[in-house]
Protein chains: 2
Amino acid sequence: MTNQMKIISDKIVLNKNSHYIWAKSKSRMFSKACEYGIRATLYIAQKSLNGQRASLKAITHEIDSPEAFTAKILQQLAKAQVVRSVKGPHGGFEIAREDIDSMRLSEIVNAIDGDNIYKGCGLGLKACNAQKPCPVHHKFTAIRNDLKTMLQETRLLELATSLETGLTFLKR
Amino acid sequence: MTNQMKIISDKIVLNKNSHYIWAKSKSRMFSKACEYGIRATLYIAQKSLNGQRASLKAITHEIDSPEAFTAKILQQLAKAQVVRSVKGPHGGFEIAREDIDSMRLSEIVNAIDGDNIYKGCGLGLKACNAQKPCPVHHKFTAIRNDLKTMLQETRLLELATSLETGLTFLKR
DNA sequence: TCAATAAAAGATATAAAGGTCTTAATATCT
DNA sequence: AGATATTAAGACCTTTATATCTTTTATTGA
């Protein structure tokens, strides 16, 4: 490490010409869009259970997310019929009671990130399958299936209720 | 869908001004850099077991990856002492036999992507923990731990051997 | 010691994700 | 009908990940 380099954070390093050298990619289960989408949906569900709509402003305040970006994500969720949007005064976002009961976490994730996280190959190989497996294929199949099952079994109602009772949190 | 829009693929859509509208982010367990890194390391291990070095050219041919990008990743792996590099004629990359025995998949992943995938919160919350859990915290803890355990227990030797015996594959 | 070979380092380019801003559309209330 | 509130749509900007190209350094063998 010479004095010509500049450490920006523990992850980001610039050289003498301010060029980005290397930082470990913050790999995550879901994209940030998806994370915001899940958090927003949970808040909307909670409000809906109380017979109230959630406005964009209230949502972004409550889940601590960038407003304009969150608006885009909510548009997608509305198109995918995960949430319903209502324009005009007293408008906002809502989810029908019966949908809160039946909707699974997988539907939210699918609307934003698709299903690659539990369908694709762990090493990114296109034609990886049980007949022509990649070296980590069988190792990943189990974990992937667990994730898939969990997302498909977890109900929106359950998550919204744990928020309502103060057992879980959407911020920080 | 108006006639002013252009469908590029099932995921990518451009509007009349050729602006990108929305495509589900290809979320994956590991970054592409990490995927190439794992595949490259496995190939190098296989060659090393046969007493041979693997050149960059041979690696990129064998794992079907972009050459210059793979070179960068191999530099990182060399710095992290996952592989050893040798310059000059007959040079290339190699892994010591004892390291093939002891090295775990987690060491390769850590060198490229870090450990966020099995440490971070599923909803991206900074201060999510068992005391102040996010709504999906407990659901994810199990899956995350399984992933962590699998990466820490899987030995390079095991994976390289399954390649050697033609049970698994690195291409396609 | 010189030519050839192979990786390291550095600079730059391109694509995708993340995020903002402005204008349009729609609903409500007076 | 007009003023206001609220989301939708579109254009644009910024940062990060992915990828390439050029120059430098180390090693080998004639």
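Residues numbered from 1 in each chain as written. Chains lettered and ligands numbered in written order. Predicted model: local features only at pLDDT ≥ 70, side-chain atom pairs only at ≥ 80, totals over all residues. Heavy atoms only, no water.

**Digging into the overall build of chain A**
When its secondary structure is counted, chain A shows eight helices and four strands. The secondary structure elements of chain A, listed N-terminal to C-terminal, are β-β-α-α-α-β-β-α-α-α-α-α. Looking at the 172 residues of chain A, the share that counts as buried comes to 45%. If you take every contact in chain A between residues at least 6 apart in sequence, the share linking residues at least 24 apart comes to 59%. (Helix = DSSP H or I, 4+ residues; strand = E, 2+ residues; numbered from the N terminus. Buried < 20%, exposed > 50% of the residue type's maximum accessible area, 1.4 Å probe, protein only. Contact = heavy atoms within 4.5 Å.)

**A look at the relation of the copies chain A and chain B**
Superposing chain A onto chain B takes a rotation of 180 degrees plus a shift of 0.0 Å along the axis, which leaves an RMSD of 0.0 Å. On this basis, the relationship between the two copies can be described by a two-fold rotation axis. Both copies present the same face, since 100% of the interface residues in chain A are matched by interface residues at the equivalent positions in chain B. (Least-squares fit on C-alpha atoms with pLDDT ≥ 70 in both.)

**Quick word on the environment of A:Lys132**
Structurally, A:Lys132 can be placed in the loop between helix H6 (116-119) and helix H7 (137-153). Judged by relative accessible area, A:Lys132 falls into the partly exposed class, the value being 36%. When sequence neighbours within four positions are dropped, the list of residues in contact with A:Lys132 reads A:Ala127 and B:Phe169.

**A few points about the interface of chain A and chain B**
In this complex, chain A contributes 52 residues to the contact, which on the side of chain B involves 54 residues. On the surface where chain A and chain B come into contact, there are two salt bridges. The shortest N-O distance in the salt bridge between A:Glu158 and B:Lys139 comes to 2.9 Å. Going through the elements one at a time, helix H1 (32-49), helix H5 (105-113), H6, H7 and helix H8 (156-164) of chain A are the ones with two or more residues in the side of chain A that touches chain B. No other element matches H7(A), which puts seven residues into the side of chain A that touches chain B. (Salt bridge = Lys/Arg side-chain N within 4 Å of Asp/Glu carboxyl O.)

**What about H5(A)?**
Counting along an α-helix, one turn takes 3.6 residues, and residues three or four places apart therefore face a common direction. Residue and element names in this part refer to chain A. With seven of nine residues buried, H5 lies mostly within the body of the structure. All of the buried residues along H5 are Leu105, Ser106, Ile108, Val109, Ala111, Ile112 and Asp113. Looking at the buried side of H5, the elements it contacts are H1, helix H3 (67-79), H6, H7 and H8. Glycine 114 sits one or two positions beyond H5 and adopts a positive phi of about 75 degrees.

**Examining the nonpolar core**
Core analysis: the biggest nonpolar cluster contains 92 residues, and A:Ile38, A:Ile59, A:Leu77, A:Leu147, B:Ile38, B:Ile59 and B:Leu77 have the highest contact counts within it. If we skip the residues at most four places from it in the chain, A:Leu77 touches A:Gly37, A:Thr41, A:Val82, A:Val83, A:Ile108, A:Ala111 and A:Ile112. (Core = buried A, V, L, I, M, F, W, Y, C linked by side-chain atoms within 4.5 Å.)

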